[in-house]
Each structure stands twice: as C-alpha cells, then as structure tokens.
Amino acid sequence: MKVSIARGELLDALSTVSKGLSSRTTLPILSGIHIATKGDMVVFQATDLEISIKTSCKARIDEPGQAVLSGRLLTDIVRSLPEAAVTLEVSAGGSALVTCGQSKFTMKTLPADDYPKFPEVDPSTTVSLPTETFSRVVHQVSKAVSKDETRPILTGILVVVDSGILRMVATDSYRLCVREVAVEGMSGDIELVIPGKALEDVAKIAGAAESISLGVSENQVVFTFGDTTFISRRIEGSFPNYRQLLPKEHATRVIIDRAELLEAVKRVSLMAQHSTPLRISVSTAEHTLTLSAAAQDVGEATEDLQVTPEGEDIEIAFNHAYLVDGVQVAEGDTIALEITSPLKPGVLKPADGDGFTYLLMPVRLG
Amino acid sequence: MTACVWDDLPGQVRAVGYLRSAVESGSVAHAYLFVGPTGVGKKSAARALACALFCADPTGCGSCPACHRVKNGTHPDLHLVRPEGVAGYMVEQVRGITHDVHLKPIEAPRKVYVLEDAAGLKAESANAFLKTLEEPPADVVIVLLATDVDDVLPTLVSRCHVVRFSPVPPSLALGLVIERTGAEESDARAALAAADGVIPRAIAFLASPGRQRARRAILDLLKRLAVMDGHDVLLGARELLTEVRAPVDETKTAQADELADAREYLTKGAASDMEKRHKRELTFREREGIAEIMSVTESWLRDCLVLSRGADELIENADAADASAEIASVITVPAALAALEAVKTARSRMAYNVSPQLVVEAMLFDIQEVLRCPR
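What you see is a predicted model, and the numbers here were worked out from it, not measured in a lab.

(A) View of the packing of aromatic side chains. A complete count under the given rule lists five aromatic pairs over all chains for this structure. Relative to Phe34 of chain B, the ring of Tyr32 of chain B has its centre 6.2 Å away and its plane inclined at 50 degrees; by these criteria the two rings are tilted. The same class applies to Tyr32 of chain B as to Phe34 of chain B, namely buried. Through successive ring pairs, a cluster of aromatic residues spans Phe134, Phe223 and Phe230 of chain A.

(B) Representation of helix H14 (residues 333–351) of chain B within the structure. Residue and element names in this part refer to chain B. Taking 1.5 Å per residue as the helical rise, H14 with its 19 residues ought to reach 27 Å, and the 27 Å between its terminal C-alpha atoms agrees with that figure. Elements in contact with the buried residues of H14: helix H12 (268–308) and helix H15 (356–372). Looking one or two places after H14, you find Asn353, whose phi comes out positive at around 65 degrees.

(C) Structural view of the domain arrangement of chain A. All names here are of chain A. Taken domain by domain, chain A holds domain 1 (2–114), domain 2 (125–241) and domain 3 (246–360). When each unit is reduced to the centre of its C-alpha atoms, the spacing between domain 2 and domain 3 is 28 Å. Listed as interface residues are twelve residues of domain 2 and, on the opposing side, 13 residues of domain 3. Contact with domain 3 buries surface across domain 2, with Lys143, Arg175 and Leu176 losing the most and accounting together for 43% of the total. Viewed at the interface, domain 3 and domain 2 are joined by three salt bridges.

(D) A look at the environment of Leu337 of chain B. As for its placement among the helices and strands, Leu337 of chain B is situated in helix H14. When its relative accessible area of 46% is taken as the criterion, Leu337 of chain B is described as partly exposed.

(E) How the structure looks around the domain arrangement of chain B. All names here are of chain B. Here chain B is partitioned into domain 1 (5–164) and domain 2 (208–372). Facing the five residues of domain 1 at the interface are four residues of domain 2. Summed over both sides, the interface between domain 1 and domain 2 buries roughly 400 Å², with carbon and sulfur atoms accounting for 63% of that surface. Viewed at the interface, domain 2 and domain 1 are joined by zero salt bridges.

(F) Geometry of the pairing of strand E17 (residues 228–233) of chain A. Residues and elements named next belong to chain A. Burial analysis of E17 places six of its six residues in the buried class, the great majority of the element. Side chains Thr228, Phe230 and Ser232 project from E17 onto one buried face, and the interleaved Thr229, Ile231 and Arg233 project onto a second face that is buried too. The sheet contact formed by strand E4 (residues 51–58) and E17 spans four bridges and is antiparallel. Directly across from Lys54, in E17, lies its bridge partner Thr229. As judged from the six bridges shared by strand E16 (residues 220–225) and E17, these two strands associate in the antiparallel manner. Residue pairing across strands places Val222 opposite Ile231, the latter belonging to E17.

(G) Representation of the sheet that holds strand E23 (residues 314–318) of chain A. Residues and elements named next belong to chain A. As summarised here, the arrangement of the four strands in space is E21-E20-E19-E23, forming an open sheet in which the pairing is antiparallel. Either end of the sheet is taken by a strand with one partner, and the two such strands are strand E21 (299–306) and E23. Taking the axes of each pair of neighbouring strands and ignoring which way they run, one obtains an average angle of 20 degrees across the sheet. With five bridges joining them, strand E19 (residues 278–283) and strand E20 (residues 288–295) adopt antiparallel strand pairing. Looking across to E20, one finds that Ser281 is bridged to Thr290. The strands touched by helix H5 (residues 258–269) are E19, E20 and E21; relative to E21, the strand with the most contacts, the crossing angle is about 170 degrees.

(H) Spotlight on the sheet that holds strand E3 (residues 111–115) of chain B. All names here are of chain B. If you trace the five strands from one edge of the open sheet to the other, you get E2-E3-E4-E1-E5, paired in parallel fashion. Each end of this open sheet is capped by a strand with a single partner; those strands are strand E2 (78–81) and strand E5 (161–164). Strand-to-strand twist of the sheet, defined as the mean angle between neighbouring strand axes without regard to direction, takes the value 20 degrees. Where E3 and strand E4 (residues 140–146) come together, five bridges link them in parallel fashion. Paired with Lys111 across the strands is Val140, a residue of E4.

(I) Spotlight on the interface of chain A and chain B. Each partner contributes residues to the interface: chain A has 24 residues there, and chain B has 24 residues. Summed over both sides, the interface between chain A and chain B buries roughly 2300 Å², with carbon and sulfur atoms accounting for 49% of that surface. Taken together, the links from chain A to chain B amount to two salt bridges. Two residues, Lys111 of chain B and Glu236 of chain A, come together in a salt bridge whose shortest N-O distance is 3.2 Å. At the junction of chain A with chain B, the criterion picks out eight residue pairs in polar contact (both at pLDDT 80 or more). Here the element with the most residues in the side of chain A that touches chain B is strand E9 (residues 103–110) of chain A; it accounts for three residues.

Rules behind the numbers
- Residues numbered from 1 in each chain as written.
- Chains lettered and ligands numbered in written order.
- Predicted model: local features only at pLDDT ≥ 70, side-chain atom pairs only at ≥ 80, totals over all residues.
- Heavy atoms only, no water.
- Phe/Tyr/Trp six-rings, centres within 6.5 Å; stacked < 30°, edge-to-face > 60°.
- Buried < 20%, exposed > 50% of the residue type's maximum accessible area, 1.4 Å probe, protein only.
- Helix = DSSP H or I, 4+ residues; strand = E, 2+ residues; numbered from the N terminus.
- Expected span 1.5 Å × (residues − 1).
- Contact = heavy atoms within 4.5 Å.
- Domains from an automatic or database assignment.
- Buried area = accessible area lost by both parts, 1.4 Å probe.
- Salt bridge = Lys/Arg side-chain N within 4 Å of Asp/Glu carboxyl O.
- Pairing = 2+ DSSP bridges.
- Axes fitted to C-alpha atoms, helices over the stretch in contact; angles between N-to-C directions.
- Polar contact = N/O pair within 3.5 Å; in protein donor to acceptor, adjacent residues only side chain to side chain.

What follows is the structure in structure tokens.
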C-alpha cells in the first residue's frame, strides 16, 4: 500500500479514530489503527470491541492495500510533522515507512487479517439532529452519569426522541439531570440507554460536522457524522423511572444569578473539602441566601448572596462538588433553586422555562 | 461435520439430555453449574450449549457460521473466562465480566459466559459476582465449571442449576487418548496416570518431551531411592525440580517474546498487567508440574501394590516395571498405603504454599523410609 495524505487531514482522521483505541487491552492488535484504501479514499478504523469508529479522508493512492499500524505511535508521529503531504508506504515484509518532507520514520505493522471486522449494523430507526444541540445536551447531562459499575444501567444516558423533542437523562443516584430540547424538523421516535462515555466521545469528535444521525438497532447504536461512523453497544436493562423522583411542589423557591452563585459556591467549597457538607440557608425577610461550610480543625467560610426568594425560610445542605456541577451546566443566566424540606432533594432549574432539571440529594445537617 | 453439536460428548448422556431438552423447550436457566471431574467434557458441553443457543436451529446444526465461530472460539458473544490469579479469579476480572454482561450482545440473540474453575471464585471475587449471577439480563446465560460442588461457595451454588457430569470410564478415556494422539497403549496409559486421568492433559503430556523427561526423572529416582543416602536424595530432588522447571522455562521464553511484542504496541499499564499475568501463569505451571510428578509417584506406588497382589495386567507404568516388581516382591499392603499417604501429605502441603523443593524432599524421605523397611 502506498498513499499520500495532507498532514492536517490525516491527523484529524487519526485523532478521531484514536478514541476507539482501548488503553487497557492486552491484545496488541487492538492497539492498532486499521488503514485501508477504498476508491480514492483511505478508510481508518479502530475498536476496543465495545465501540468501533470508522472515518475516511481523500488521498492520493499510488498502490491500494491495507495495514494495521500502532495507533498511539502513528498519531504522535503525524502530530509532530510539519504541514505537508505525508506518504505512507507499507511493504509486504511487515514494515511501514512514513515520510514527510525530509523526515522518515519506519515502524512495524501488525497483521491486517487479524483485525476484527467492522460491525455491520442495520438500524431500524434513524434520527438526524444538529451536532451543536446534541453536543451541548450531552455535555450538560454527562456530569450526572454514574462511574460505579455495580449498577451498570446508571453508567448510561437515557436518550429519548419523541414527537420532535430530544430528551437525555442521567443519574448516579445522588443527582439526576434531565434536559429537554425541541429540535426543528426532527422526526422518528427512539428510546434507549447509551453508555455515557460513548456519547461523550461522539460529542467531542463530531464538533466539525453540521448534523449527526443516530441509528438504533436491536443491540447497537450508530452515529454518523461527516465521513465518520461511530458504533457503540447498547446497555441492557431499563432506566429507572425518573419522573416519580421529581418533586411536584416546593416550599421555597430562590431566583439567583447563575454566575454569582457559581463563584460563591466555588469559594465556599474550599472549606467544604471531603465530606463536609455545604450549608445553604435562605432568609426571605432579608432576601439573602447564605452559603457556609465548616471543616473541623481547619476553619469556616460564609458568603451571603442577594437573591429573590419566595416561600418559607429554610436550611439545607448539599455535597459541594455535585452542586458546582449542577450550577455549571444549568441553562440560563438566572436559575431557580427549589427546596421542599431539608431531607428532600433540591432542584435547580432555569428561572423561566423547564427544559433543564438538576435534582440533587441533600446531605443531612449535623 | 457433525449433524448435531450434542453428539461430540461421549459418555455424558444424562447431562446432555437435560441441557438439550432445556434448549429445545426454551426453558434455559440464567445460570448453570457444571460439576464433574476434569476432562469429562464440561467445557465442550458449555460450548455445545452456546452453539444451540446461537444457532437458528435449536438442536444446533453444527455447520452454520455461528456454530463454526463458537467451535473456533471466535464468537464474540461466547466468553470463556479462566482465573487470572494464582489462587483464583481477581476482583477486577469479575468486574470486567459484569460490565460486559450488561451490554447488549454483538451478533447472537443471547450471550454465554463460561467461567472455568468456579472454585477460584473466592470470597471477594464471588461477592463481586453474586448480584450478576443472581439476576443477569434476560438474554444472558452464565455457566460455571467446577470439579466438585463442595469446592464452590454455597452462595454461588444456590444461584445456579447444578448439572452433574459423570466420570469418563478409564477404558473409554484410554481409547480416546490413543485415537487422538496415535500413541502406543502403554504410553497412553502412563500419560493418563501422570495426568490424573484427565484426557486433554494426557494428550498435552504426550506432546511435551520436557514433561516426559520429568516423569522419567522421578521414576529413576524412585528406583534408586532405597539405596540412596540423605545427600543423594537432596541432590536428586534438586535435579528433579530442574527437570520439572524445564517446560516452565519454555513457557517463560514464549512469554518474554510476547511481552517484547506487547511493549511496542501496548500502553505501559496494559504491558505491566500482562507481565503480572505471565508471572501468575508461571507459578501455576510450576505447581502443575509438581502435581504431575506426584501423580507419577502415586501411580508407581500403586503399580508396586498391584504387582505384589499378582494383578500384573493392571500396571500403568510399564516402562518402570522392573523397579516396581523388585519392590512388589517385598512390600506389604500397609507399607504401600503409608507411602501413598506420604504423597497425599505432600499434595496438601503444596496447597499451603510450602516451597516446592522442601515438599518434594520431605516426600522422598518419607517414601524412602517405607521402601527401606517395606514390612
């Protein structure tokens, strides 16, 4: 095989498929990127047997063929090269020559026939939506995805498309994030749980493409954007019924400037390290929300914020890191904090509208 | 080509019938525990079960692409797992399985997980596995393999359907070994004795010159044992262990090559994981080698016993018959049993992680005592 590709395009393609390389694998073949020619294109593939990524780019093909090269090494080499055409030449003897300008690299190849076949997926439903919306929603809910493998279903994000509305839900049982957006011109109905990491990866690498299509089959989910295909296995099981967790009413509602709250929470969190809760008390008479934290043997922090409260005076405590996450990804410049009682979850919402809900379990006050 | 995947399992009519009817009536359980001596076809039965579940034909046609891939071990929805630790499964290994169990299958309608040596699921790893074993997703079948129900933690057993496999009769086993290797009958008999009657291990033994050398070394030592002094015994034990380790060294070289290859492609973390796995495998191999020479010792002592009773046709080590005949002419039954007891003690010492060299030395001295005064 002998091909020439512009360095920029080659690097883009390699960084895209690199997301599919598994870092912990003990099968050398899976640390490689499969490169093959197809017409006047070069197709790149990587897989860790859970997700598979394929992308292609235009190239000058002098000699067709296929090869598997160490993904990490090749990407590092190409990244360090100057902006020019990169020639990749693979000889039958199992070595590859990478040349660009005056630089020359030779590296070993892996047997291309051993490479796992790219999965053929025949989606039963396909939905197309703007990448920007998709990535933003994924970014917002992915904070709440669980990292605990003991409840595998929670390591996924529930994705629902229903009559023009895209909804994603994630929870790690300490917090729950629901985001809903209406997408114009989107049709089709789907409901499935996708591994959170796969969605995050897609959101990261799909940046440049305008729209992204999401195909669902019995066992897999296929994302297609630009020249790239990304396939992930679905998670089994049913997602918890999150609707019954959302409180229907509240005793206190506080409208706060989001940026101000974020800064204040971060500052006070400095004293709320480890398990010390971050205490929030609302005074309706004084129109204040007081954040405080006290770490034993270390010190205390307090900060008052001017807010618009409704309802009763109340005191509640949260895990500071989870609160920061929620405020960070919330919609709108002003947000509403709704509290029912110190022992029931608090809810963060945009001050007007309800496309975003971040439910947060309280910490018992000492 | 077999017309039916279940036909490949000689001597397991009951177990096969039970599994087959479960698949055909669509009442396959979520978890099975296959129990039976090593080498009776538990793993093959698990494979046949996977075939029958993956194949469009519920009897398992044995010839469609899915069946072929199961047989070749390349089907992505059949997971064969062996313990990676010296003493059993590692918690991380179990977590990996749990993670995969909860993903949808890749191409088959179901997923099958076969865990070899379920006795290796000890407290920690078993606890990590309990929830998955109890209620896996509907399309998952988990098969645990074990030699004895009592070796497996009761918390695991109670979550599985137990399927018992009967031992393969020695004559059938002998026939199978001869059929598959083309060895002489006496060699096949000796191999089976060294391999504790386990058919695949006997076949591997016949293919390994190193392991056969180790067998000859112990037989030679036993022959001269009665006339050796203490120093000779110690030297003999040391030489014997060198022989036992020689096949292990072959593995070591192969591993070094694999690791060198791996370092070029894998991340540091993955390579060091591989190195650790290799070390565990080496320890395991060495223990297996020691167990093998103990089996040889046992079978030789048994030969002495059967010869002394005049049942000449029952001997297993025909090539060492001259030595065993000599001992047989003087040995009494209680003395032979005492010598066999010494080997049993040595085995249990190995299980307690005593250094192999010490165990072998102690065993040889114990047997020597019996042989010197065989009444």
